[in-house]
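Geometric and topological summary
Spelled out, the chains give:
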Amino acid sequence: MLTSLIRICLSRSFKPFEFKNTYSNNLNFENEQDLGLYVHIPFCRSFCSFCPYCKVVYNEDLAKRYKIALIREIQMVGSQLKGEKRVTSLYFGGGTPALMADCLKDIIDCLNKYFIIQNGIGVELHPDDICQSTLKQLKTAGVTMVSIGIQSFNQQCLSALGRKDTGFLNRLQLVHRAGFEVVDVDLIFAIPTQTEEVLLQDIEIAFTNGATQISTYPFIDFTFANNTYKPLSEKEKKKMLKAIVDYCKKTGRERTSVWTFAKAKTGKYSSITRDSFLGFGVSATTLLRKEFKINTFSIEAYIDRICRNQLPTSLTLSFTLRQRAIYYLFWHAYSLLIDPNKFEKIIGYPLFKLYGFELWICERLGFMKKRNNRYYLTDRGAYYYHYVEQAYTTAYIDKMWRILRTTAFPEKIVLK
Ligand SMILES: C[S@@+](CC[C@H](N)C(=O)[O-])C[C@H]1O[C@@H](n2cnc3c(N)ncnc32)[C@H](O)[C@@H]1O
Ligand code: SF4
């Protein structure tokens, strides 16, 4: 309901987001600015009950076939370029990319044939992946940033999430000693049994043992997840988010997005907040000026498409002007900053012409402050964003992923 209302108001139309199963082997990305790269590695040792991401249990033979298909997909896309293209960064997400640590170098070498990666390479790590030899492999492959899915250092919270502490603190210290430029630690809040005190302790443990950034995600109960224990209430989430913000402010850690906080003068680990990106692998998404594409979630269907020299796109959304503008605003608001000049460069229309009234309202309600002709989200604005983002996750992402988990190529998905 809330998401529909926002969509209708901002798009000035009742037209829903309509994803269709049309696809093309040609991607129009040659002229995209600030292009990022994402590679999805869908393998896990075992599944966590709370996790909605596209994954399968690791199997050596399947991983070998997946790697071949992944390299072929990169070649199919990269060979469309006339020369090498500069890109901002490369992120590996999952799943658990470290399960293919010995393949990452080959995948990166293949990408390097077509792209010049300017701001580093990031990899998501499950804490159980962390050991000297894997970290060495990552460094040799050129990885500069890591994000560790700790979730909590507290035993009770971990067991409510169905996880066991296998020496998380020692593993984080090992990563610290390995000397990556950015070390992000993922923490979940509003876990049953969690108190504010436990949460703030988790934050302090992360920062004092090597994290340069923390990502604090509110626990979301996806309809297809297998959670024995449910998240705390929205009221509790609101209190906990405020406690995180106040604590980080007090201890000199900068808020870098609605859900991330960093030590001063450190780089950001952020695989989603980019103006355009190319995604490779199952479930990976591609965002371009005119369209948004999602690859199939089925590994077999993915490999089969690639073997037939076809891109593994499952669904495509062709943006209307305002839909593209909403997408832009959504992710820039998440990063707490909306720059009208950048907006006009990407969207092709002045921000004030499209959303002058909404910006005025947001300023009046205290959601944003204007400084030097740019709009900054306030803590109040960030709280409402956090609320809407969860509603959007439930209404859009949950619905979409629920279908894509079981249907490799749905005819269409309509998000209202
Ligand atoms: C792809 S996942 C995990 C990466 C890595 N495989 C791991 O297990 O540590 C990325 C992050 O999303 C967050 N996440 C996953 N499911 C969530 C949920 N239901 N609610 C809130 N955050 C979630 C977790 O913090 C997780 O570390
Ligand atoms: S949280 Fe990580 S390890 Fe657990 S199922 Fe999700 S991707 Fe796999």
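Residues numbered from 1 in each chain as written. Chains lettered and ligands numbered in written order. Predicted model: local features only at pLDDT ≥ 70, side-chain atom pairs only at ≥ 80, totals over all residues.

Quick look at the overall build of the chain
Counting secondary structure elements, the chain contains 13 helices and 21 strands. A globule of 416 residues ought to have a C-alpha radius of gyration of about 22 Å, and the chain, at 21 Å, matches this closely. If one aligns the C-alpha atoms of the chain with their principal axes, the spans along those axes are about 55 × 55 × 40 Å. When burial is assessed residue by residue, the chain has 39% of its 416 residues classed as buried. (Helix = DSSP H or I, 4+ residues; strand = E, 2+ residues; numbered from the N terminus. Rg over C-alpha atoms; globule rule 2.2 N^0.38 Å. Buried ≥ 20, exposed ≤ 12 C-beta atoms within 10 Å, placed from the backbone.)

As for the packing of helix α1 (residues 2-11) against helix α13 (residues 379-406)
Relative orientation of the contacting elements α1 and α13 amounts to 100°, with a least axis distance of 9 Å. On the basis of their axis angle, the class for α1 and α13 is roughly perpendicular. Residues L2, T3 and I6 of α1 pack against V388, A391, Y392, A395 and Y396 of α13. Looking at the contact of α1 with α13, its residues break down into seven nonpolar, one polar and no charged. (Axes fitted to C-alpha atoms, helices over the stretch in contact; angles between N-to-C directions. Parallel < 35°, antiparallel > 145°, perpendicular 65-115°, else oblique. Contact = placed C-beta atoms within 7 Å. Nonpolar A, V, L, I, M, F, W, Y, C, P; charged D, E, K, R; others polar.)

Here we look at the sheet that holds strand β20 (residues 374-377)
Strands sit in the order β18-β20-β19 across an open sheet of three strands; the sheet is antiparallel. Where the open sheet ends on each side, the last strands, each with one partner, are β18 (337-338) and β19 (368-371). (Pairing = 2+ DSSP bridges.)

Details of the packing of helix α3 (residues 101-112) against helix α4 (residues 132-141)
Across the interface, α3 lies against α4 with an axial gap of 9 Å and an inter-helix angle of 5°. Here α3 lies roughly parallel to α4, going by the angle between them. Residues A101, D102, L104, K105 and I108 of α3 pack against T134, Q137, L138, T140 and A141 of α4. A class-by-class count of the residues in the contact of α3 with α4 yields five nonpolar, three polar and two charged.

Overview of the site of ligand 2
Around ligand 2 lies a shell formed by C44, F47, C48, C51, Y53, K55, G94, G95, T96, H126 and G149. Among the residues making up the shell around ligand 2, the classes are represented as five nonpolar, five polar and one charged. (Near = placed C-beta within 6 Å.)

Regarding the pairing of strand β6 (residues 90-94)
Taken across its five residues, β6 has five buried, putting it largely inside the fold. Neither face of β6 is exposed, since L90, F92 and G94 on one face and Y91 and G93 on the opposite face are all buried. Relative to strand β8 (residues 121-125), β6 runs parallel, the two being bridged by three bridges. Bridged to F92 within β8 is V123.

Details of the site of ligand 1
Around ligand 1, the surrounding shell holds 17 residues, and the nearest of these are H126, G149, D186, Y217 and I220. Listing elements by their share of the shell around ligand 1, those giving two or more residues are β6, β9 (145-151) and β10 (182-189). Grouping the amino acids of the shell around ligand 1 by side-chain chemistry returns nine nonpolar, six polar and two charged.

Let's talk about the environment of D221
With respect to the helices and strands, D221 occurs in the loop between β11 (213-218) and α8 (234-250). On the neighbour-count criterion, D221 (13 C-beta atoms within 10 Å) is partly exposed. Remark: the alpha-carbon pair of D221 and T394, spanning 173 residues in sequence, is separated by 8.6 Å.

Some thoughts on the domain arrangement of the chain
You can read the domains of the chain as domain 1 (1-16 + 337-404) and domain 2 (17-262). Summarising the inter-unit geometry, the C-alpha centres of domain 1 and domain 2 are found 25 Å apart. Contacts between the two partners involve 12 residues from domain 1 and, on the opposite side, 12 residues from domain 2. Class assignment of the residues belonging to the side of domain 1 that touches domain 2 gives a composition of five nonpolar, three polar and four charged. (Domains from an automatic or database assignment.)

Looking at the nonpolar core
If you look at the biggest cluster of nonpolar residues, it comprises 79 residues, and the most contacted ones within it are L37, V146, V185 and F189. Tallying contributions element by element places β10 first for this core, with six residues. Setting aside residues no more than four positions away along its own chain, F189 makes contact with Q194, L199, T216, P218, F219, M240 and I244. Core analysis: the next-biggest nonpolar cluster, separate from the first, contains 21 residues, A325, L329, L377 and Y385 among them. (Core = buried A, V, L, I, M, F, W, Y, C linked by C-beta atoms within 7 Å.)

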